[in-house]
Amino acid sequence: MAVLVHLQIEGQLITDSPWFISLNNINGNFQVHTDKRQYFNGVNPYGVEVEVGKWLLSNNIQSRYGIYSKWGVQFNYTNFNHEDLGYTLNSLVFIEPLLKARRKWRFSFKAAAGIAYTSNPYEKVNNPHNLAYSSYLAFPLQASISGYYFINKQFAIKVLGSYRHLSNGGVKQPNLGINYLAYGVGLEYILQKYSVMPINTTKFYKEKRKRLDVLIGYSQKNDTLNSGSEAILNVLVNKSFEMSRNNGLTLGGMLEFQDDKSVEEVDGKVGLGAYLGNEFYIGDVRFGQQLGIYALRRKEAPNLLFQNYYLRYLIKEKWIIGANLKAHGINADYILLQIGFAI
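Reading guide: rules and limits
- Residues numbered from 1 in each chain as written.
- Predicted model: local features only at pLDDT ≥ 70, side-chain atom pairs only at ≥ 80, totals over all residues.
- Heavy atoms only, no water.
- Helix = DSSP H or I, 4+ residues; strand = E, 2+ residues; numbered from the N terminus.
- Contact = heavy atoms within 4.5 Å.
- Areas by Shrake-Rupley, 256 points an atom, 1.4 Å probe, with all protein chains shown as cover.
- Core = buried A, V, L, I, M, F, W, Y, C linked by side-chain atoms within 4.5 Å.
- Buried < 20%, exposed > 50% of the residue type's maximum accessible area, 1.4 Å probe, protein only.
- Pairing = 2+ DSSP bridges.
- Axes fitted to C-alpha atoms, helices over the stretch in contact; angles between N-to-C directions.
- Phe/Tyr/Trp six-rings, centres within 6.5 Å; stacked < 30°, edge-to-face > 60°.
- Lys NZ or Arg CZ within 6 Å of the ring centre and 35° of its normal.
- Salt bridge = Lys/Arg side-chain N within 4 Å of Asp/Glu carboxyl O.
- Polar contact = N/O pair within 3.5 Å; in protein donor to acceptor, adjacent residues only side chain to side chain.
- pLDDT = per-residue confidence, 0-100.

(A) Highlighting the overall build of the chain. In terms of helices and strands, the chain carries one helix and 19 strands. Pairs at least 24 residues apart make up 61% of the contacts formed inside the chain by residues separated by at least 6 positions. Working note: accessible area of the chain is about 16,500 Å², and carbon and sulfur atoms make up 63% of it.

(B) Inspection of the nonpolar core at higher detail. In terms of nonpolar packing, the biggest core is built from 17 residues, with Trp55, Leu57, Tyr68, Phe150, Ile190, Tyr194 and Val196 touching the most fellow members. Among the secondary structure elements, those contributing two or more residues to this core are strand E4 (46-56), strand E6 (87-98) and strand E8 (137-150). When residues of this core are assigned to their parent elements, the largest contribution, three residues, is made by E6. Setting aside chain neighbours within four positions, we find tyrosine 194 in contact with Ile14, Thr15, Pro18, Leu57, Arg106, Phe150, Lys153 and Gln154.

(C) Geometry of the sheet that holds E8. Taken in spatial order, the eight strands line up as E3-E4-E5-E6-E7-E8-E9-E10 and close into a barrel, and their pairing is antiparallel. Averaged over all adjacent pairs, the angle separating strand axes in this sheet is 25°, with direction ignored.

(D) Molecular detail of the packing of aromatic side chains. With the rule as written, the count across this model stands at twelve aromatic pairs. Aromatic side chains tryptophan 319 and phenylalanine 341 sit 6.5 Å apart centroid to centroid with 75° between the ring planes, which places their arrangement in the edge-to-face category. A residue pair is termed long-range when its members are at least 10 positions apart, and tryptophan 319 in strand E18 (residues 319-328) and phenylalanine 341 in strand E19 (residues 331-342) qualify at 22 residues. On the basis of relative accessible area, phenylalanine 341 is assigned to the partly exposed category, the value being 33%. Put simply, the rings of Tyr77, Tyr87, Tyr117 and Tyr136 touch in pairs and so form one group of aromatic residues. A cation over an aromatic ring shows up here: lysine 110 above the ring of phenylalanine 94, its NZ or CZ 4.8 Å from the ring centre.

(E) How the structure looks around the pairing of E6. Alignment of strand E5 (residues 68-79) against E6, held across twelve bridges, turns out to be antiparallel. Among the inter-strand pairings, tyrosine 77 is bridged to a residue of E6, identified as leucine 89. Judged from the nine bridges that link them, E6 and strand E7 (residues 105-118) form a sheet pairing that is antiparallel. Note that in E7 the partner of isoleucine 95 across the bridge is alanine 111. Taken together, E6 and the strand that follows it, E7, pair antiparallel across an intervening segment of six residues.

(F) Geometry of the pattern of salt bridges. All told, the structure shown has nine salt bridges when counted by the stated rule. Here glutamate 49 ties to arginine 164 by a salt bridge, and the two come within 3.1 Å at their closest N and O atoms. Placement of the pair is glutamate 49 in strand E4 and arginine 164 in strand E9 (residues 155-167), with a sequence separation of 115 residues. Several salt bridges converge on common partners, so that one network encompasses Glu51, Lys110 and Lys158.

(G) Spatial organisation of the environment of serine 240. Tracing the sequence through the fold places serine 240 in strand E13 (residues 232-242). Note: C-alpha distance between serine 240 and arginine 209 (31 residues apart in sequence) is 8.3 Å. When sequence neighbours within four positions are dropped, the list of residues in contact with serine 240 reads Arg209, Lys210, Arg211, Leu249, Thr250 and Glu279. A polar contact of 3.0 Å, which involves the side chain of serine 240, links it to the side chain of glutamate 279.

(H) Structural context of the environment of serine 108. By the secondary structure assignment, serine 108 is in strand E7. With relative accessibility at 3%, the residue serine 108 sits in the buried group. When sequence neighbours within four positions are dropped, the list of residues in contact with serine 108 reads Glu96, Pro97, Leu98, Leu99, Ser144, Ile145, Ser146 and Tyr148. One polar contact links serine 108 to glutamate 96, side chain to side chain, over a distance of 2.5 Å.

(I) Layout of unusual backbone geometry. One non-glycine residue, lysine 316, lies in positive phi territory at about 55°. With respect to the element layout, lysine 316 can be found in the loop between strand E17 (305-315) and E18. Within the chain, glutamate 317 stands out as a residue other than glycine whose phi angle is a positive 60°. Looking at the element boundaries, glutamate 317 is found in the loop between E17 and E18.

(J) View of the confidence of the model for the chain. Scored by pLDDT, the chain comes out at a mean of 83, with 83% of its residues at no less than 70. Model confidence for the chain, summarised as mean pLDDT per element, is weakest for strand E1 (residues 7-9) at 45 and strongest for E4 at 95. Contacts for the low-pLDDT stretch residues 1-11, under 50 throughout, to residues beyond four places or in other chains number 24 contacts. Ignoring residues within four places in sequence, the model shows residues 223-228, a span with pLDDT below 50, making 15 contacts including any to other chains.

Pasting the structure below:
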């Protein structure tokens, strides 16, 4: 977290952690990746979102990580423009590293995760076509790029493009999920006067850092199409090798057990796999993407490959809390709540 530094210059209070608020208009294109989604071909979601947070512009941030950043919360309303899909009310937390922070044009990358209320889940009789989600509670994920044109130091016009996913993480079936490309324009206002020091690009870490994470995760997976499908316990061992100031290479292993009453064989309830991926970090926040392969897979797993997408937070560089989405291709398997420690 950036340390506030205030300076008095010509009667103006200057801060290195100014608050901002932005308002964005969103339009999108529903992604049809399987025949089961052809029913929604041509659907164009739309919505509006508000973001509130801070720009992190302190010397400590730039000297430690070599990049400035933003963080905040987003609240949005998304209408999927189809009566079977309904609408969602979303609340997400995001981290947004800035590629440029001093010029009129500034660019950024954003990762976000949160929770959502969905208005019209699958129902066998009343809403049988909505195979995308089947519970009122869902979990949205976003990966975005944004460009800002600053009219002055505090007021900017914003353009954005993002890939968005919504599912209940396999907690209840059917759960094919919703994937859509979103684009929009917005306005952002920085509430306080601030200063931005140039990035010192001559500083490099003398020794690349390594970290070993051990995590245990739990998912209350309830499959309405297979009543025997029950909760999942997951153990992850993750080794991270720092490659630059803001990202690292990860590799590790996964062991999972599903208490599936419909499967008699023990090995049909157990999954064992290895994975390789990338981890992006800013401060104590970690956002990772991993591709894995099973050595032993649960009966429910559809193929040998799987993906992990996670957002984790390090507490005092030792304890870890986070959430992990495990998927097979375009279909979510489950979302884990995780706790663990780093060595």
